[in-house]
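# Analysis of the macromolecular model
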Amino acid sequence: MSYDQVVIGGGIYGAFVSWQLAKQEQDVILVERDSVASGASGGPGKRGVRAGGRDPRSLPLAKRSYQYWASLGEELGADIGYERIGQLEFIEHSVPEIGPTSIESARSRVWLQRQHNITTKLLSAEEVTKMESNLSDRVIGAIYTPDDGIVDHTAATRGVAEAARREGADICNNTEITSVEQNQTTDDISEVVTTDGDTIKVDGTVCLLTNTHAAGFLEKQFDVTLPVWNFTPQVVLTEQLDTVPFTHLVAHSHRTLAMKGTEDDRVMITGGWPARWDSNDQTGRPIPDQVEKNIAQAVAVYPFLEDVAIDRVIADHQETCSIDGLPIIDRVPGVDNFFVGTGWTGHGYAIAPSVSKLLAQWVLNQNKPELLEPFCLDRFSSHDQTFL
Ligand SMILES: Cc1cc2nc3c(=O)[nH]c(=O)nc-3n(C[C@H](O)[C@H](O)[C@H](O)COP(=O)(O)OP(=O)(O)OC[C@H]3O[C@@H](n4cnc5c(N)ncnc54)[C@H](O)[C@@H]3O)c2cc1C
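Remember, it's a predicted structure, so these values are computed and weren't measured experimentally.

Parameters at a glance
- Residues numbered from 1 in each chain as written.
- Predicted model: local features only at pLDDT ≥ 70, side-chain atom pairs only at ≥ 80, totals over all residues.
- Heavy atoms only, no water.
- Near = heavy atom within 4 Å.
- Polar contact = N/O pair within 3.5 Å; in protein donor to acceptor, adjacent residues only side chain to side chain.
- Areas by Shrake-Rupley, 256 points an atom, 1.4 Å probe, with all protein chains shown as cover.
- Helix = DSSP H or I, 4+ residues; strand = E, 2+ residues; numbered from the N terminus.
- Disulfide = S-S within 2.5 Å.
- Salt bridge = Lys/Arg side-chain N within 4 Å of Asp/Glu carboxyl O.
- Buried < 20%, exposed > 50% of the residue type's maximum accessible area, 1.4 Å probe, protein only.
- Pairing = 2+ DSSP bridges.
- Domains from an automatic or database assignment.
- Expected span 1.5 Å × (residues − 1).
- Axes fitted to C-alpha atoms, helices over the stretch in contact; angles between N-to-C directions.
- Contact = heavy atoms within 4.5 Å.

### Some points on the site of the ligand
Taken together, 35 residues are adjacent to the ligand, and E32, S41, G48, E319 and A350 come closest. One of the backbone N or O atoms of Y13 is found 3.1 Å from an oxygen atom in the ligand. A distance of 3.0 Å separates an oxygen atom of the ligand from a polar backbone atom of Y349. In isolation the ligand offers 1,000 Å² of accessible surface; the protein chains occlude 95% of this area. Breaking the shell around the ligand down by element, the ones donating at least two residues are α1 (12-23), β3 (47-49) and α8 (348-365).

### Observations concerning the state of the cysteines
Counting across every chain of the model gives zero disulfides. No disulfide involves C207; its sulfur sits 16 Å from that of C172, the nearest cysteine.

### Focus: the pattern of salt bridges
Under the definition given, this model contains 18 salt bridges. We note a salt bridge from E83 to K46, for which the minimum N-O separation is 3.1 Å. Pair noted here: E83 is in the loop between α2 (59-76) and β4 (87-92) and K46 is in the loop between β2 (28-31) and β3, with a separation of 37 residues, a long-range link. Its relative accessible area of 36% is what places E83 among the partly exposed residues. For K46, a relative accessible area of 12% puts it in the buried group.

### As for the pairing of strand β16 (residues 267-270)
Side chains V267 and I269 of β16 all project onto a buried face; the interleaved residues M268 and T270 project onto the opposite face, where all are buried too. Sheet topology note: the strand β13 (residues 235-238)/β16 ladder contains two bridges and is antiparallel. By the bridge assignment for β16, L237 is matched with M268. Examined bridge by bridge, strand β15 (residues 258-261) and β16 share four bridges and lie antiparallel to one another. Bridge assignment links K260 to a residue of β16, and that residue is M268. Connecting β15 to the next strand, β16, in antiparallel fashion are five residues, including D265 with a positive phi near 60 degrees.

### Considerations on the domain arrangement of the protein
Along its sequence, the protein is organised into domain 1 (2-46 + 153-228 + 323-380) and domain 2 (88-146 + 233-316). The distance between the C-alpha centroids of domain 1 and domain 2 comes to 32 Å.

### Brief notes about helix α7 (residues 288-301)
Over its 14 residues, α7 runs 21 Å from end to end, which matches the ideal 20 Å to within 8%, given 1.5 Å per residue. For α7, the full list of buried residues reads Q290, V291, N294, I295, Q297, A298, V299 and V301.

### Focus: the sheet that holds β16
Read across the open sheet, the eight strands follow the order β5-β6-β4-β14-β15-β16-β13-β19; overall the sheet is mixed. Looking at strand neighbours, the two that pair on one side only are β5 (121-124) and β19 (310-314), the edges of this open sheet. With direction set aside, neighbouring strand axes in the sheet form an average angle of 20 degrees. The strands that helix α3 (residues 103-115) touches are β4, β5 and β6 (139-145); relative to β5, the one it contacts most, it runs at about 150 degrees.

### So, the side chain of D147
Among the secondary structure elements, D147 is positioned in the loop between β6 and β7 (149-151). Discounting chain neighbours no more than four positions away, the residues touching D147 are Y66, Y82, R84 and T119.

Below, the structure written as structure tokens:
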């Protein structure tokens, strides 16, 4: 077997990059050790696809992705459950146990997002309470990003993989890549090797888009360290309510809180303390104390939640975090035809369309897109030669 492009990992990144490459007449194989959307790009509920509150270097990618998300369902011919519901990032009076907050910093955030043409408004308490009821009276305003939305990540990931297949990509599930072989002269990857010892020959490039498994792979075979670690979010789901008492994505300027309503009228609380990952059975175990802390953050903003029962806590999907909260998207050092993308830090789904398009472009024309420059691995090295 020989392919122009070998893509490892069947999450949103692997699927999207495969699709883009296949559209450019490339002979592509997507290799997934389990099934498409079995990692962070799958699972219950919907993912927030938002620009609000993101790092300035991610904002151009989030802005571009807004457009792509809006038309993706139609392009795929699939229902991906995308809805532009807008995000409210609440601002409260300063909270002693959490620290100061200020309308001034919110003004700067609004300014920053507008610099990137992201529609953003600073709302007063009065304006917020017209949009959402049941709020704590400690809320003094909100940053509103109306173009933020939600998407059914499992459906979108599968839809994109299916589109890649229609364009001619081979999708190979239940196949794990355990190592790669390098050309003795050029150091380029010449083959990837599966658990069964089968090999796939590489004529062009390899993209390692295995999220939580990328760093271990590179450390083991290339002695390359990525400053990333795996994180297990706790997703808290309430009992079913008559109606979810808010309609926007909920975030907070200084609490670790994210909330959404689900299609079956539950409140989904995320964004806070993590669960423990059990590597024996490859699943997360919620930590009761930390679940309480997550709920307390939500109750502080929506006091009625105090009286709502928790139905379940899900912790079965991991995500990779990087030391500076930004992804690493780069060539593997010393190997010209090997690309890696990981360290999405809980924000990877939102920017996946724009990043994947740019990465596919880079793979094909070998010129690094400027918008991906902030995510290079070299950013962690000191450029100050003074004390060397
Ligand atoms: C609970 C939770 C909530 C989140 N909420 C949001 C949100 O609201 N907004 C947002 O933007 N982002 C969110 N994220 C982050 C987002 O989901 C991820 O950043 C994104 O899905 C990562 O996509 P990926 O393709 O890189 O990785 P994954 O979807 O994890 O895919 C990687 C794939 O690689 C496969 N694989 C691993 N090793 C190998 C190997 N050796 N050979 C072959 N295949 C291999 C895995 O099986 C997996 O399917 C959330 C993540 C979690 C877990």
